[in-house]
Amino acid sequence: MKIYLIRKLTDFAFLIPGTYVLFQVSNAVFDTLSVLDGTHSSDRTSPALVLGVACVLIVAAEFNAFLWHYFEHKVPFLWELHKVHHSADNLNPLTNHRAHSIVQIGKYAMKGCISGVPTGLIMHYYGFGFVELLAIAAIANKLLTVATLDVLRHSHIPLRFGLLEAVFISPHMHQIHHSSLEAHWDKNFGTNLAIFDWMFGTAYRPHKGEAMVNGIYGYSQEQLREFHSLRGTYWDPLVRSFDCLKRSLKPTSKATIYFDAKIERAEK
């Protein structure tokens, strides 16, 4: 509850840099196109056009979410921060906000770079304003999260979508993502759409009643409880992430790599 309240009160501040990047990238694309081929506009009142624009923005945002989530699992210093989310040994709707706030800066800055291109194109060719497109994207995202039963994603209810899981992430698919069992590692990175998981080979459709264990592989219940405090959520992961980043930037000899690898294998 503490983490949830902190996130609710402070998330807007961490979204500002990403929104600024989105504004700059989209305007750069708009200005470039204006210089190259003049001004374009169309009837923005067309429902089909608004729907098409919403779909384009949603797909761009979902690709960013998939890619960032993938990086969080594969890049060591990001994983140290993302562990906060996976440290939950009991999934409930508030678990969605159980995450380190600082990652929002990187996630939404990358979203600004990815979504800024289609946003600038739409602004140029169809005459939408930047604020209008922000509103369309926000409403479309909210409708999609409601349609995909986002509130049940972090819960004990293993609801599946059947054949629709070829397109959408079901609650059960995301619950499996939280499992520490080896068969479930690094699966189902998507937020609402499963299409990128299927495209890049990370999709996993669990069968009915499939067993899973919440938490992080290699961590005991006592170690997981270290994340159950504000210090364990915000400060300790930040220190570990910084140390990890510092080690990755430090020149390493072949001997060091060899002995580090032996230590890692011994720990496993």
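Reading the values: rules and limits
- Residues numbered from 1 in each chain as written.
- Predicted model: local features only at pLDDT ≥ 70, side-chain atom pairs only at ≥ 80, totals over all residues.
- Heavy atoms only, no water.
- Axes fitted to C-alpha atoms, helices over the stretch in contact; angles between N-to-C directions.
- Helix = DSSP H or I, 4+ residues; strand = E, 2+ residues; numbered from the N terminus.
- Parallel < 35°, antiparallel > 145°, perpendicular 65-115°, else oblique.
- Left-handed = near helix turned anticlockwise from the far one by under 90°.
- Contact = heavy atoms within 4.5 Å.
- Nonpolar A, V, L, I, M, F, W, Y, C, P; charged D, E, K, R; others polar.
- Phe/Tyr/Trp six-rings, centres within 6.5 Å; stacked < 30°, edge-to-face > 60°.
- Patch = residues over 30% accessible without salt bridge, like charges linked within 9 Å, V, L, I, M, F, W, Y side chains within 5 Å.
- Areas by Shrake-Rupley, 256 points an atom, 1.4 Å probe, with all protein chains shown as cover.
- Salt bridge = Lys/Arg side-chain N within 4 Å of Asp/Glu carboxyl O.
- Core = buried A, V, L, I, M, F, W, Y, C linked by side-chain atoms within 4.5 Å.
- Buried < 20%, exposed > 50% of the residue type's maximum accessible area, 1.4 Å probe, protein only.
- Polar contact = N/O pair within 3.5 Å; in protein donor to acceptor, adjacent residues only side chain to side chain.

(A) Representation of the packing of helix H2 (residues 47-74) against helix H4 (residues 103-126) within the structure. Axis separation between H2 and H4 bottoms out at 9 Å; the angle between their running directions is 155°. Taken together, H2 and H4 sit at an angle that is classed as roughly antiparallel. Crossing geometry of H2 relative to H4 is assigned as right-handed. Side by side, H2 and H4 meet where Leu49, Val53, Val56, Leu57, Ala60, Ala61, Phe63, Asn64, Leu67, Trp68, Phe71 and Glu72 of the first sit next to Val103, Gly106, Lys107, Met110, Lys111, Ile114, Ser115, Pro118, Thr119, Ile122 and Tyr126 of the second. Of the residues in the contact of H2 with H4, the class split is 16 nonpolar, four polar and three charged.

(B) Fine view of the packing of H2 against helix H5 (residues 130-147). At their nearest, the axes of H2 and H5 sit 9 Å apart, and the two run at 75° to each other. Looking at the two axes, H2 sits roughly perpendicular to H5. Contact residues: H2 offers Val50, Val53, Ala54, Leu57, Ile58 and Glu62, while H5 offers Leu133, Ile136, Ala137, Ala140, Asn141 and Leu144. Taken together, the residues of the contact of H2 with H5 break down into 10 nonpolar, one polar and one charged.

(C) Highlighting the packing of aromatic side chains. One pass over the full model with this rule turns up nine aromatic pairs. Members of the aromatic cluster, connected to one another through ring pairs, are Phe63, Phe66, Tyr70, Phe71, Phe189, Phe196 and Phe200.

(D) The arrangement of a nonpolar patch on the surface in detail. A surface patch of nonpolar side chains, about 380 Å² in accessible area, is lined by Ile102, Ile105, Trp235, Leu238 and Val239. Element by element, the count of residues in the nonpolar patch is highest for helix H9 (residues 230-249), at three residues. Relative to the assigned elements, Leu238 resides in helix H9.

(E) Summary view of the nonpolar core. One finds Val53, Leu57, Ile58, Ile122, Phe128, Leu133 and Ile136 to be the most contacted residues of the largest nonpolar core, which totals 15 residues. Those elements that provide at least two residues to this core are H2, H4 and H5. Here Ile58 is in contact with Ala137, Ala140, Asn141, Leu144 and Leu193, once residues within four sequence places are set aside. In this structure, Trp68, Leu78, Val103 and Met110 belong to the second largest nonpolar core, which totals five residues.

(F) Inspection of unusual backbone geometry at higher detail. The phi torsion at Leu149 lies on the positive side, around 55°, for a residue other than glycine. Tracing the backbone shows Leu149 in the loop between H5 and helix H6 (171-177).

(G) Summary view of the side chain of Ser155. In this fold, Ser155 is placed in the loop between H5 and H6. Here the side chain of Ser155 touches Leu152 through a polar contact of 2.6 Å, landing on its backbone oxygen. What Ser155 contacts, discounting residues up to four positions off in sequence, is Leu91, Asn92 and Gln175.

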